[in-house]
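# Understanding the architecture of this molecule
If you want the building blocks of each chain, they are given just below.
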Amino acid sequence: MDEPRAAPPRTTMIARLTLAVLLALLGLWIARGFLPSLAWAVVIAVAIDPLHMRLRARWPGPAGRTWTAAAIALLVALVVLVPVAAGITQAAREAHDVSVWIAQAQANGLPVPGWVQQLPVGREMATSWWQANLATPEGAVNQFHHLRDVADTRLIGSNVLRRSVVFAFTLLALFFLLRDRDSIIAQMRRAGDRLFGPTGERVGVQTLRSIRGTIDGLVLVGIGEGAVMTIVYLVLGVPHPLLLGAVTAVAAMIPFGAALVFAIASALLIGLGSVGSAVAVMVIGLVVVGIADHFVRPVLIGGATRLPFLWVLIGILGGVETLGLLGLFIGPAIMAVLVMLWREFLEVPQGGGDVVA
């Protein structure tokens, strides 16, 4: 009969733990450039998991898992790339007209438009600025040179290339996450149970619920705002209403992002001389955003995460500041887990005392 193995000495355990931590940090440092792609893939996989499981039920088996994962990754690519391609196509159509307008402005200057005189406030200040900076050829040339310096094409090109690589790797990671979903979940459950016990699974469930609730509150409500404002743009005669509606839907997912699009739409209408329509777009847009942000989103996000809306807002804004767009979904999930752990801590009896409800 084999003798039981003796427990490793304390120094050996410390050495193993130190080695594991160092290797983990080294691995994170090596993979740091791909961490945003992996995080995006996880967020998308969590969001579409109900649809993924319904498709898996229709086409079971290893081949079905592979083809289902590939189809969903392709669908995600189309959802992102089709609107981007439409925007690029629209911009290319108008690039010639814009270049001709810029050339004429630099040669002759831009006279003060009539809508400046219709401004309810700041009319004299706006007129003076326009005459000093755009009315003469020299002033127009200087202003367009400043714009050209701000919009450095090399920086734009490198940024587009970097984001394209991140997006491509996100799709690749999403495919493998969906294909190997069952084994990944089993491994995460086993690791969470060994590290944290029953709390590990509760943390995982709360994280998944929070991410889905945040996606419902941000993405679905943003799409709804975009649809409503598209109708408003059509009725009030805003140029390119469908394109601006799509941009509004995306911007509405970011706190205070939709207001910037409303300002752009209002500026386009003011340029056409429709000051009343411009004011109407801004007012209606702010009303729609106010209803969505103060009534609809708190119910969707707070109900799923069991978070007061103040903490939801802190998670969203703090997440965006720290992690960029990815923080929209990661921030509220982290706050929800922290609040869950705090509530569990308060409910655990300490030294035989009463349980805090």
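None of these values were measured; they are calculated from a predicted model.

Let us look at the overall build of the chain. Check the secondary structure of the chain and you find 14 helices and 0 strands. Overall, the chain shows an N-to-C arrangement of helices and strands of α-α-α-α-α-α-α-α-α-α-α-α-α-α. Residues classed as buried in the chain amount to 30% of the 357 residues present. Within the chain, contacts between residues separated by at least 24 positions form 67% of all contacts whose residues are at least 6 apart in sequence. Accessible area for the chain stands at about 22800 Å²; split by element, carbon and sulfur atoms hold 71% of it.

Let us look at the side chain of arginine 181. With respect to the helices, strands and loops of the structure, arginine 181 is situated in helix H8 (residues 181-196). Taking the relative accessible area as the measure of exposure, arginine 181 reaches 19% and is therefore buried. Of the polar contacts made by the side chain of arginine 181, one reaches the side chain of aspartate 182; its length is 3.0 Å. If we skip the residues at most four places from it in the chain, arginine 181 touches Asp49, His52, Met53 and Arg56.

A word on the pattern of salt bridges. Under the criterion given, the structure shown has 4 salt bridges. Among the ionic pairs, arginine 56 bridges to aspartate 182, the shortest N-O distance being 2.6 Å. One end of the pair, arginine 56, is in helix H3 (residues 49-58); the other, aspartate 182, is in helix H8, with 126 residues separating them in the sequence. On the basis of relative accessible area, aspartate 182 is assigned to the partly exposed category, the value being 37%. Taken together, the shared-partner salt bridges in this structure form one network comprising Asp49, Arg56, Arg181 and Asp182.

Another aspect to go through is the packing of helix H9 (residues 198-236) against helix H10 (residues 241-251). Relative to each other, H9 and H10 sit at 155°, their axes nearing to 7 Å. By the angle between their axes, H9 is roughly antiparallel relative to H10. Along this stretch, H9 crosses H10, giving a crossing that reads as right-handed. Between H9 and H10, the contacting residues are Gly222, Ile223, Gly226, Met229, Thr230, Tyr233 and Leu234 on the first element and Pro241, Leu242, Leu244, Gly245, Thr248 and Ala249 on the second.

For the chain, the mean per-residue pLDDT works out to 77, and 80% of the residues sit at or above 70. pLDDT under 50 marks residues 351-357. Its contacts with residues more than four places away, or in other chains, come to 4 contacts.

Here the largest pocket is characterised by a volume of approximately 2300 Å³. As for the largest pocket, its lining consists of 49 residues, and the residues nearest its centre are Trp40, Val80, Phe167, Val250 and Leu325. Contributing elements (two or more residues each) for the lining of the largest pocket: helix H2 (35-47), H3, helix H4 (62-108), helix H7 (153-179), H9, H10 and helix H14 (327-347). When grouped by side-chain class, the residues that make up the lining of the largest pocket number 39 nonpolar, 5 polar and 5 charged. Looking at the lining of the second largest pocket, the elements with two or more residues in it are H2, H3, H7, H8, H9 and H14.

Of note, aspartate 49 is situated in helix H3. At 2.7 Å, the side chain of aspartate 49 forms a polar contact with the side chain of arginine 181. Contact partners of aspartate 49, with chain neighbours within four places excluded, come to Arg181 and Arg212.

Turning next to a nonpolar patch on the surface. A grouping of Leu17, Val21, Leu22, Leu25, Leu28, Phe34, Leu35 and Leu38 is seen on the molecular surface, where their side chains present a nonpolar patch of about 730 Å² in accessible area. Secondary structure elements with two or more residues in the nonpolar patch: helix H1 (10-30) and H2. Looking at the secondary structure, you find leucine 25 in helix H1.

What counts, and where the lines are drawn
Residues numbered from 1 in each chain as written. Predicted model: local features only at pLDDT ≥ 70, side-chain atom pairs only at ≥ 80, totals over all residues. Heavy atoms only, no water. Helix = DSSP H or I, 4+ residues; strand = E, 2+ residues; numbered from the N terminus. Buried < 20%, exposed > 50% of the residue type's maximum accessible area, 1.4 Å probe, protein only. Contact = heavy atoms within 4.5 Å. Areas by Shrake-Rupley, 256 points an atom, 1.4 Å probe, with all protein chains shown as cover. Polar contact = N/O pair within 3.5 Å; in protein donor to acceptor, adjacent residues only side chain to side chain. Salt bridge = Lys/Arg side-chain N within 4 Å of Asp/Glu carboxyl O. Axes fitted to C-alpha atoms, helices over the stretch in contact; angles between N-to-C directions. Parallel < 35°, antiparallel > 145°, perpendicular 65-115°, else oblique. Left-handed = near helix turned anticlockwise from the far one by under 90°. pLDDT = per-residue confidence, 0-100. 1 Å grid on protein atoms, 1.4 Å probe; cavity = no way out; pocket = protein on both sides within 12 Å on 5 of 7 lines; lining within 4 Å. Points joined across faces, edges and corners; volume = space filled by probe spheres on them. Nonpolar A, V, L, I, M, F, W, Y, C, P; charged D, E, K, R; others polar. Patch = residues over 30% accessible without salt bridge, like charges linked within 9 Å, V, L, I, M, F, W, Y side chains within 5 Å.

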